[in-house]
Amino acid sequence: MVAPTASSDTLITPPSPVHISQSTPKPTTTATDMDILSPAESPPPVVPKLVREASDITWQESLESKKCQVVLVRRRGRFRLLHQQQFKNSLLAGVGYLELANAGDFAANVWNQIPVPRFAAVLMGIGGVLALGMMLVAIHDFRLGWVNVKLLRAERDQLLRLRQYHSKNSELARLIDSRLGVGVREIGTEVIDRMVMDALMGFGSLLVGVGTLMAIGGANPRVFKASNLLSGYIGNGLAAIFGLVNAIWCGSLLHRFHVQDAAAFAQEPSDDIRRRLHTRFRRFQWHAGVNGLTGIVAGAASMVTAERWWGYVVLIPCIISFILCNYFWRKKLGYDRPVLAHTSATEIQVTSLIEDLQYVIVMQRALADPEHSLPQAIVRPDSLESILRFIIRENMLETYCEFLARDKSTRHILAAFPSLNASPGQITISLDTLFRLPPSHLKLILEHAKQFLQTTGVCIFTYRERHLLELLGYAICQDHQKATSTTQDDMIEHT
């Protein structure tokens, strides 16, 4: 077993208790202020990061020297983000029903006869329209996935440049490697589990929908033949191709998280961290296993439905499984997170992954528990300036602005912001522009900001915990593999 050390050879540095007795104008705190959880719930030891300024996930990348403003644009009477700047858990719930859309040719394949029964023609119309409608959902989800991929690719290019610059700094290099490793999984999930699915199954829905509607006029021999091809092997064949590609990707994820889970168990950073890592990895494995198996079965069943009605019976549990997998991903696995923007190589500061993880766990519990408040040195609940600075410091301004634009009680406040001269439909939200609003608006924003922290704020820190657990798991795995390789080399030298 390899014990974690505090050397630069590993990112897994064991936290040590810290007692602070002084407070400064910056966000520091005392031991008394740290008592925001009951003794049974408080994760030992005291989190050192709570006594310093909060940083973004693993290094400071979004404070004074970074962009602390958000630009909104008016579209269709609503303010929306001009440009998405964060990786989003934006998978649409509707894409979970793509397999149901591909089963829209039920009536066309089962009552594949001339003349077409009237009730079957009605079912064909419903199934065809459903399949065509799902194509629009797939297109929208594909666009959202592509935005995420562009952000991840830009971040990856920046990380590679930083990795080359910091090649001699082993600790920072390993931290960047961890980000790069998790980024591969993120890009793979967005491309394969999302964009490829949307492209293949969305286009398949188009073919199935057109073929099903054509089946209504099947009295024409040419229309009959074209309908059979579109709603039969061609349309359903795309779902089978996706099932095969998806199964290969899911198999790689199963292996990836099995190896990381074993490494985390061997290194034993702490009981609480190990339990959280194990839960996270098991959820990934469960999703990958069920999703991959469902795709294979659904693809095979789709091909059978071209000639056999009982193929739809097999599709029923597959449709339910796809819907549940979609829900499970959005609620238990996916996350929003800031991406590394264009940052100077000298601006990056390293913090311990475990320390960051403990920090976000404490923060989400404190924000969610109405009986406790955050330490006064971190944020003062009755001070709008303190809350807004906390939101900016924690890189939540973009999400907060979206929250302002969505809420009916605050949506009208955005009209009070001055528009940009070059673009009358755009407004810029920053700390300065917020404080220029009338006092009546500021009072409403204070209550709204408190609500934001207790709801969306908790979700943001939950998302960051998920991301940090994956970063930590990858780092542990890399450290474990290096230690194992070193041990094996030493044994070979001694023999």
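Residues numbered from 1 in each chain as written. Predicted model: local features only at pLDDT ≥ 70, side-chain atom pairs only at ≥ 80, totals over all residues. Heavy atoms only, no water.

The subject of this paragraph is the overall build of the protein chain. Looking only at helices and strands, the protein chain has 12 helices and five strands in total. Within the protein chain, the proportion of its 495 residues that are buried is 52%. Long-range pairs, those at least 24 residues apart, make up 80% of the contacts in the protein chain between residues at least 6 apart in sequence. Element-wise, carbon and sulfur atoms account for 60% of the exposed surface of the protein chain, whose accessible area totals about 23,200 Å². (Helix = DSSP H or I, 4+ residues; strand = E, 2+ residues; numbered from the N terminus. Buried < 20%, exposed > 50% of the residue type's maximum accessible area, 1.4 Å probe, protein only. Contact = heavy atoms within 4.5 Å. Areas by Shrake-Rupley, 256 points an atom, 1.4 Å probe, with all protein chains shown as cover.)

The next subject is the pattern of salt bridges. Within this structure, the stated rule accounts for 19 salt bridges. The salt bridge involving Glu-190 is made with Arg-194; its shortest N-O contact spans 3.0 Å. Taken together, the positions of Glu-190 and Arg-194, both in helix α4 (residues 170–215) and four residues apart, correspond to about one turn of that helix. Ionic pairing is found between Arg-464 and Glu-394, a salt bridge with its closest N-O pair at 3.5 Å. Taken together, the positions of Arg-464 in helix α12 (residues 439–494) and Glu-394 in the loop between α9 (384–393) and α10 (397–406) put the pair 70 residues apart, joining distant regions of the chain. Classification of Arg-464 as buried rests on a relative accessible area of 4%. Look at Glu-394 and you get buried, because its relative accessible area is 1%. (Salt bridge = Lys/Arg side-chain N within 4 Å of Asp/Glu carboxyl O.)

Turning to the pairing of strand β5 (residues 426–430), a few remarks are in order. Of all five residues making up β5, five are buried, and the element is well covered by its neighbours. Of the two faces of β5, the one carrying Gln-426, Thr-428 and Ser-430 and the one carrying Ile-427 and Ile-429 are both buried. For strand β1 (residues 69–75) and β5, the ladder comprises five bridges, and the chain directions are antiparallel. Bridge pairing in β5 places Val-71 opposite Thr-428. (Pairing = 2+ DSSP bridges.)

A separate point is empty space enclosed by the protein. On inspection of all chains with the given rule, the structure shows six cavities of 30 Å³ or more. Counted as a void, the largest cavity has a volume near 350 Å³. Around the largest cavity, the lining is made up of 28 residues, and of these Leu-91, Asp-193, Met-197, His-287 and Trp-329 lie nearest the centre. Taken together, the elements giving at least two residues each to the lining of the largest cavity come down to α1 (98–102), α4, α5 (221–267), α6 (271–304) and α7 (311–333). Per-element accounting of the lining of the largest cavity gives the leading share, eight residues, to α4. Partitioning the lining of the largest cavity into residue classes produces 12 nonpolar, nine polar and seven charged. As for the second largest cavity, its lining consists of 12 residues, of which Ala-108, Asn-112, Ala-215, Phe-224 and Ser-227 are closest to the centre. (1 Å grid on protein atoms, 1.4 Å probe; cavity = no way out; pocket = protein on both sides within 12 Å on 5 of 7 lines; lining within 4 Å. Points joined across faces, edges and corners; volume = space filled by probe spheres on them. Nonpolar A, V, L, I, M, F, W, Y, C, P; charged D, E, K, R; others polar.)

Moving on: the nonpolar core. In this structure, Leu-72, Phe-390 and Tyr-400 are the most contacted members of the largest nonpolar core, which totals 91 residues. A total of 18 residues in this core trace back to one element, the largest contributor, which is α12. A domain-level breakdown of this core finds at least three residues from each of domain 1 (57–77 + 346–482) and domain 2 (90–334). Once residues lying within four places of it in the same chain are set aside, the contact partners of Leu-72 are Phe-79, Arg-80, Leu-81, Leu-82, Cys-401, Leu-414, Gly-425, Gln-426, Ile-427 and Ile-429. By size, the runner-up hydrophobic cluster in this structure holds eight residues, among which are Tyr-312, Leu-315, Ile-319 and Phe-322. (Core = buried A, V, L, I, M, F, W, Y, C linked by side-chain atoms within 4.5 Å. Domains from an automatic or database assignment.)

In the numbering adopted here, UniProt assigns the feature "transmembrane region" (unreviewed entry) to residues 119–139, 199–218, 230–249, 284–303 and 309–329. End C-alpha to end C-alpha, residues 284–303 measures 29 Å, and it is 100% helix and 0% strand. The distance from the first to the last C-alpha atom of residues 309–329 is 31 Å, and the span holds 90% helix and 0% strand. (UniProt positions renumbered as here; feature names shortened; annotations may be inferred.)

To continue, consider the sheet that holds strand β2 (residues 78–81). The pairing of strands in a sheet comes from backbone hydrogen bonds and takes either a parallel or an antiparallel form. Read from one edge to the other, the open sheet built from three strands follows the order β2-β1-β5, with strand pairing classed as antiparallel. The sheet terminates laterally at β2 and β5, the two strands that pair on one side only. Across the sheet, the mean angle from the axis of one strand to that of its neighbour is 35 degrees, orientation sign disregarded. As paired elements, β1 and β2 share four bridges and run antiparallel to each other. (Axes fitted to C-alpha atoms, helices over the stretch in contact; angles between N-to-C directions.)

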